[in-house]
Amino acid sequence: ADIISTVEFNYSGDLLATGDKGGRVVIFQREQENKSRPHSRGEYNVYSTFQSHEPEFDYLKSLEIEEKINKIRWLPQQNAAHFLLSTNDKTIKLWKISERDKRPEGYNLKDEDGRLRDPFRITALRVPILKPMDLMVEASPRRIFANAHTYHINSISVNSDHETYLSADDLRINLWHLEITDRSFNIVDIKPANMEELTEVITAAEFHPHHCNVFVYSSSKGTIRLCDMRSSALCDRHSKFFEEPEDPSSRSFFSEIISSISDVKFSHSGRYMMTRDYLSVKVWDLNMENRPVETYQVHEYLRSKLCSLYENDCIFDKFECCWNGSDSAIMTGSYNNFFRMFDRNTRRDITLEASRESSKPRAILKPRKVCTGGKRKKDEISVDSLDFNKKILHTAWHPMENIIAVAATNNLYIFQDKIN
Amino acid sequence: MFVRGLKRKCFDGEEDIEGTLAGIKAIPSYNLQRQSLLDMSLVKLQLCHMLVEPNLCRSVLIANTVRQIQEEMTQDGTWQMINTQSTGQASLDRLVSTDILCRSSREQAEGKHVPGYSTFSKDFEGDQAQDNSETMSTASSVQAPRNLQSNVWEMENPQENKGNFQKSLDQIFETLENKSPNSVEELFSEVDNSYYDLDTMLTGMMSNTKMGHCDGLETFSSPSTTTSNSNCKSDLNELDHIVEILVES
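These numbers were taken from a predicted model, which means no experiment stands behind them. (Residues numbered from 1 in each chain as written. Chains lettered and ligands numbered in written order. Predicted model: local features only at pLDDT ≥ 70, side-chain atom pairs only at ≥ 80, totals over all residues. Heavy atoms only, no water.)

### A closer look at the overall build of chain A
When you go through chain A residue by residue, the secondary structure sums to 2 helices and 31 strands. Considered along the principal axes of its C-alpha atoms, chain A spans approximately 90 × 55 × 40 Å. Per-residue burial for chain A yields a buried fraction of 54% across its 420 residues. The contacts of chain A with a sequence gap of at least 6 include a subset with a gap of at least 24, amounting to 51%. Accessible area for chain A stands at about 20200 Å²; split by element, carbon and sulfur atoms hold 49% of it. Distance between charge centres in chain A, computed from 58 positive and 62 negative side chains, equals 5 Å. (Helix = DSSP H or I, 4+ residues; strand = E, 2+ residues; numbered from the N terminus. Buried < 20%, exposed > 50% of the residue type's maximum accessible area, 1.4 Å probe, protein only. Contact = heavy atoms within 4.5 Å. Areas by Shrake-Rupley, 256 points an atom, 1.4 Å probe, with all protein chains shown as cover. Lys, Arg positive; Asp, Glu negative; His and termini not counted. Charge placed at Lys NZ, Arg CZ, Asp CG, Glu CD.)

As structure tokens, this is what we get:
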């Protein structure tokens, strides 16, 4: 199995899509309630697997284009089929996933094997009928949106109008219509005329969940810009600018790197947005630009290790974050296969581990604790024993229930609230 | 203020009393740590230009860090000091590696530091003839090794890159090793040990992650260049080995 690079529930939560480094997409479907097998309710099983992207070679620049899936975003369901957008560094594809459980039988011109029948042998006409067959799930690419990005795509976001979506790379954001593949509109361009002056890149972008003219994008300098597409065609000038003033007492050479935002997500309500930087998660009220309303420390014990984390490149890891359905809790990943959840109302937080060794199926997860100094208590793990190769970068929360999906390198864990 | 911030970062778990003593020790080693951070960053930037397609965000962040260090060093006056201390080829090489990244020909005259991103534009756009000449004019005041290194940034010709990769790696080694053996040890002797305990553990991982870079190079090369590809892989291994030695001392 390959390293999982993105995880996303669909709008109903019945389907869970994962993309991996090898360009494959695997979709899981939730089992229906079944009285004879009460434990199988809520279990996700493989529904469809397909190869979304292949490695490509850019002959002009003599560079290979990775097939790794950077992001998957579902479209709201409009008919029996499911649609999702998946993207690698350069190309976005719209996939249709549909079920087939009947097949026609009784053709006149060909027999059951598909071989053509000898015309002289046909003595009577018959009408083909549909017969049931084993369920087959087919994925087919319906649109390919290519050649619009010079730099690596880091985000895609479907608009609330369900007709358009945006794609963002390091320096530009483009607006697409889902039906049109040969044209896209550039709505943000921060590439300087002289590349020598480049000091800031776009790290993530997302459309507002309700206002189809509003989107935000975050930068490597820890700022978020909110843009309104009604104000001008090119949204280089932001409507709102969110930045927390720097704390001068904690300034170091790594301040800028750890302030770089790796993910930005609107709350379901649309009133708040959440940003993830290297050490913390911040919740912002869209009406207040000068500082976040809440800040949660994910792994503050790493602040004293930044030099080593810079040396081994871990400081550049891009963690994602997510809201629960009611916006009352947020979740993000850390190292050593740990992930953290914060309850916004009670201000309680918990650290859990996603690993086979630490949990059996259906066992309740035990909270974990990292010991930051002094005596290490039993069951605590010291900072120096953390495995920095085991990083949880991608997590997803079911849109309505307390079911979470956690990607730990090449394993997918699905956890849910204890069922009575 | 800066010293205090760095002390928290690199002297983990110090008691207060020891902290004050370490603080007194910290002042000379702060410069050494800053220097080693600068060296590390330059190596990272050099390496990331070798990869398939450099991660722009990472490159920008590292280059900003380098610029920050150099700005501070200029204010301290230590930047000038380093220039006068090193001799001959070594100082040229050091100037060379930071020059590519941090100075255009104009700012060099003014003595200011600005990151040179003509390299990035060359990576991503084929038609930057202007930027080519800019990089070349920067080279005019420095001699032959500079030209070899500028070729490294051009991704248009991967075969040529492989040969120059070897040469520029040699220059990195020269830069890091041209200090006398004593000074290398000095560089790391002042630093608190706890910093390197973590490092020893993490270095093991670092060589693992560096193997990832080798993988990237492997996919990058076309079948006809398999021999030069294996050279690059061994070069990276060599660099890992040397960095490991430097860190673990």
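### So, the overall build of chain B
Within chain B, the secondary structure is distributed over 13 helices and 0 strands. When the helices and strands of chain B are placed in sequence order, the string is α-α-α-α-α-α-α-α-α-α-α-α-α. The proportion of buried residues among the 249 residues of chain B is 55%.

### Some words on the confidence of the model for chain B
On average, residues of chain B score 51 in pLDDT, and 18% of them are at 70 or above. Mean pLDDT across the elements of chain B ranges from a minimum in helix α9 (residues 144-153) of chain B, with 35, to a maximum in helix α3 (residues 56-76) of chain B, with 92. (pLDDT = per-residue confidence, 0-100.)

### Things to note about the sheet that holds strand β24 (residues 329-333) of chain A
Hydrogen bonding along the main chain pairs the strands of a sheet, whether they run parallel or antiparallel. All names here are of chain A. The strand order across the open sheet built from 4 strands is β23-β24-β25-β26, with neighbouring strands paired in antiparallel fashion. The outermost strands of the open sheet, each flanked by one partner alone, are β23 (321-323) and β26 (349-353). Averaged over all pairs of adjacent strands, the angle between strand axes in this sheet comes to 20°, irrespective of strand direction. Two elements, β23 and β24, share 3 bridges in a ladder whose sense is antiparallel. By the bridge assignment, W323 is partnered in β24 with I330. (Pairing = 2+ DSSP bridges. Axes fitted to C-alpha atoms, helices over the stretch in contact; angles between N-to-C directions.)

### Some thoughts on the nonpolar core
Counting 44 residues, the largest nonpolar core has Y278, L302, L309, Y310, I315 and L386 of chain A as the members making the most contacts within it. The set of elements that each furnish at least two residues to this core consists of α1 (255-259) and α2 (306-311) of chain A together with α2 (16-48) and α3 of chain B. The biggest single contributor to this core is α3 of chain B, with 9 residues. Other than its neighbours up to four places away in sequence, L309 of chain A contacts Y278, L302, C314, I315 and F388 of chain A. Residues C322, L352, A354 and L365 of chain A belong to the second largest nonpolar core, which totals 15 residues. (Core = buried A, V, L, I, M, F, W, Y, C linked by side-chain atoms within 4.5 Å.)

### Brief notes about unusual backbone geometry
Residues and elements named next belong to chain A. Unlike most non-glycine residues, N336 shows phi in positive territory, near 60°. Relative to the helices and strands, N336 is located in the loop between β24 and β25 (338-343). For N336, a relative accessible area of 8% gives the class buried. In this model, T409 sits at a positive phi of 55°, which is unusual for a non-glycine residue. As for its position among the elements, T409 is in the loop between β30 (403-408) and β31 (411-416). Classification of T409 by relative accessible area gives partly exposed; the value is 30%.

### Section: α3 of chain B
Residues and elements named next belong to chain B. Here α3 is 21 residues long and its end C-alpha atoms lie 30 Å apart, about the 30 Å a rise of 1.5 Å per residue gives. With 17 of its 21 residues buried, α3 lies for the most part within the structure. In this structure N55 caps α3, since a side-chain oxygen of it lies 3.2 Å from the backbone nitrogen of C57. Of the residues trailing α3, G77 is marked for its positive phi of about 90°. (Expected span 1.5 Å × (residues − 1). Polar contact = N/O pair within 3.5 Å; in protein donor to acceptor, adjacent residues only side chain to side chain.)

### Regarding the environment of K68 of chain A
All names here are of chain A. Relative to the helices and strands, K68 is located in the loop between β6 (63-65) and β7 (71-74). For the pair K68 and W323, spaced 255 residues apart in sequence, the C-alpha separation works out to 25 Å. Not counting chain neighbours up to four residues away, the residues in contact with K68 comprise S5, D20, K21, G23, T87, N88 and D89. A polar side-chain atom of K68 sits 3.3 Å from a polar atom in the side chain of N70.

### Focus on the packing of aromatic side chains
All names here are of chain A. Counted by the stated rule, this structure contains 17 aromatic pairs over all chains. Measuring from centroid to centroid gives 4.4 Å for F50 and W95, while their planes differ by 40°, and the two rings are tilted. In this pair, F50 is assigned in strand β4 (residues 44-51) and W95 in strand β9 (residues 92-105), connecting sequence segments 45 residues apart. Take W95: its relative accessible area is 6%, and that puts it in the buried class. Summarising the aromatic geometry, the rings of F207 and F215 are spaced 6.1 Å apart at their centres and angled 75° between planes, so their arrangement reads as edge-to-face. There is no split in this pair, since F207 and F215 are both buried. (Phe/Tyr/Trp six-rings, centres within 6.5 Å; stacked < 30°, edge-to-face > 60°.)

### Quick word on the pairing of β31 of chain A
Residues and elements named next belong to chain A. Sheet topology places β30 next to β31; 6 bridges connect them, and they run antiparallel. The residue bridging A407 from the neighbouring strand is L412, located in β31. As consecutive antiparallel partners, β30 and β31 are separated by 2 residues, and within that stretch T409 has a phi angle of approximately 55°, a positive value.

### Focus on the sheet that holds β30 of chain A
Residue and element names in this part refer to chain A. Here 3 strands make up an open sheet; going across it, the order is β29-β30-β31 and the pairing antiparallel. Because the sheet does not close on itself, it has two edges, and the strands there are β29 (394-397) and β31. Pairs of neighbouring strands in the sheet enclose a mean axial angle of 15°, with direction left out of account.

### Remarks on the side chain of D228 of chain A
Residue placement: D228 of chain A occurs in strand β17 (residues 224-228). For D228 of chain A, the residues in contact, after removing those within four places along its chain, are N213, C235 and S239 of chain A.

### Description of the pairing of strand β8 (residues 82-87) of chain A
Here is the key point about a regular strand: its side chains alternate between the two faces of the sheet. All names here are of chain A. Most of β8 sits inside the fold, with 5 of its 6 residues counted as buried. Sheet topology note: the β7/β8 ladder contains 4 bridges and is antiparallel. Along β8, the bridge assignment pairs W74 with L84. Alignment of β8 against β9, held across 6 bridges, turns out to be antiparallel. Counted as the bridge partner of H82 is I97 from β9.

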